[in-house]
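Listed below, chain by chain, are the residues.
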Amino acid sequence: MPLDRPPGKPHPYSDYRDAAGRLHPDPDTGPDPRPSREEAEEAVRTLLRWAGDDPTREGLLDTPKRVAAAYEEFFAGYAEDPRDILMRTFEEVEGYDEMVVLRDIRLESHCEHHMVPIIGKAHVAYLPDSRVVGISKLARVVDAYAKRLQIQETLTAQIANTINDVLAPKGVAVVIEAAHQCMTTRGVHKPGVTMVTSRMLGAFRTSSDTRREFLSMINGGG
Ligand SMILES: Nc1nc2c(ncn2[C@@H]2O[C@H](COP(=O)(O)OP(=O)(O)OP(=O)(O)O)[C@@H](O)[C@H]2O)c(=O)[nH]1
Ligand SMILES: [Zn+2]
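Quick caveat, the model's predicted, so the values are computed rather than measured.

### What to know about the UniProt feature "binding site: Zn(2+)" (unreviewed entry) in the chain
Now for step 1: The residues that UniProt annotates with the feature "binding site: Zn(2+)" (unreviewed entry) are Cys-111, His-114 and Cys-182. The greatest C-alpha distance among the residues just named is 7.8 Å, despite their covering 72 residues of sequence, which places them together in space.
Now for step 2: Mapped onto the fold, Cys-111 is located in strand 2 (residues 100-111).
Now for step 3: Beyond its immediate stretch of four places on either side in the chain, Cys-111 contacts Val-116, Ile-118, Gln-150, Ile-151, His-180 and Cys-182.
Now for step 4: Topologically, Cys-182 is positioned in helix 6 (residues 181-184).
Now for step 5: Overall, the presence of 17 C-beta atoms within 10 Å leaves Cys-182 in the partly exposed class.

In structure tokens, the structure reads:
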């Protein structure tokens with residue numbers, strides 16, 4: 001069955017969908033299969049040699065295995081469909097039309113330019129219309145997108161757009177504040193710099209009162 005994959009994304013496993021919109025069941029055996037674990041470990045040995053070390057010395061023998069396991073954690077988001085996370089538990093509610101805000105969600109991601117950590121926090125809010133989700137699901141959506149190679153702008157927009165699409169709320173707001181290790185431990189070497197990005201949709205975009213209420217809540221005023 002032909003799989004619909006957005007252009008310019010070589011291995012976003014969670015975006016492999018069949019014609020019915022279902023995720024491809026197994027990216028390891030599907031078309032354009034994922035490299036094997038052995039190939040990944042061999043690539044780590046190559047990088048170790050390139051860095052100037054000896055992958056056969058005792059301290060490095062298990063390193064390729066550890067790095068592959070760490071990559072499974074860092075990039076677990078490719079195997080997740082953030083839309084499913086939200087669809088699993090949404091409920092219809094009546095009578096609650098106030099803002100729901102989850103602030104200070106720990107964020108761990110990796111920059112797509114240098115593959116080094118982006119560490120910070122995300123604040124997510126929505127104004128329910130008829131659907132609400134278990135709040136942990138908002139944090140899971142943040143993780144599902146964060147555990148991929150990212151730039152912060154894309155990450156921010158993906159989280160907001162997904163919540164907007166699935167919950168169809170009156171509005172969504174996402175703010176991310178993060179430090180990029182590619183700016184602290186290499187390159188320009190500027191520790192203490194925080195990048196702040198936001199995406200406001202619906203009422204958060206059109207109503208300055210709503211936006212202000214959200215910003216005051218994430219700044220500790222709520
Ligand atoms: N807009 C944006 N830029 C990012 C993000 N993460 C890293 N960058 C920047 O991406 C840019 C990549 O620039 P290049 O000139 O291609 O790479 P580079 O030579 O390694 O750049 P330097 O970091 O300046 O040494 C750098 O300016 C990074 O600071 C992000 O999330 N958003
Ligand atoms: Zn970077």
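### As for the packing of helix 4 (residues 135-146) against helix 5 (residues 152-167)
Now for step 1: Direction vectors running N to C along helix 4 and helix 5 enclose 135°, while the axes themselves pass 10 Å from each other. The angle between helix 4 and helix 5 places the two elements in the oblique class. For the pair helix 4 and helix 5, the sense of crossing is right-handed. Contact with helix 4, carried on its side by Val-141, Val-142, Tyr-145 and Ala-146, involves Leu-155, Gln-158, Ile-159, Thr-162 and Ile-163 of helix 5 and no other residues of that element.
Now for step 2: Classifying every residue of the contact of helix 4 with helix 5 gives 7 nonpolar, 2 polar and no charged.

Reading guide: rules and limits
Residue numbers run consecutively from 1 along every chain, following the written order of its sequence. As a convention, the first chain written is A and the first ligand written is 1, with the rest following in written order. Reporting in this predicted model follows two pLDDT cut-offs: at least 70 for local features of residues, and 80 or more for side-chain atom pairs to be given and counted; totals over whole chains, interfaces and linings ignore these cut-offs and use all residues. UniProt positions are given in the numbering used here, feature names are shortened, and annotations may be inferred rather than shown by experiment. Put simply, DSSP H or I for four residues or longer makes a helix, DSSP E for two residues or longer makes a strand, and each gets a number counted from the N terminus. Placing C-beta atoms from the backbone, we regard two residues as in contact once those atoms come within 7 Å. To sort residues by exposure, count the other C-beta atoms lying within 10 Å of each residue's C-beta; 20 or more gives buried, 12 or fewer gives exposed, and values between give partly exposed, all with C-beta atoms placed from the backbone. Think of each axis as a best-fit line through the C-alpha atoms, taken over the contacting stretch in the case of a helix, with angles from 0 to 180 degrees between the N-to-C directions. Any angle that falls under 35 degrees is termed roughly parallel, while one over 145 is termed roughly antiparallel, one within 65 to 115 roughly perpendicular, and all others oblique. If you view the pair so one helix is near and one far, a crossing is left-handed when the near helix is turned anticlockwise from the far one by less than a right angle, and right-handed when it is turned clockwise. Amino acid classes used here: Ala, Val, Leu, Ile, Met, Phe, Trp, Tyr, Cys and Pro are nonpolar; Asp, Glu, Lys and Arg are charged; the rest, including Gly, are polar.

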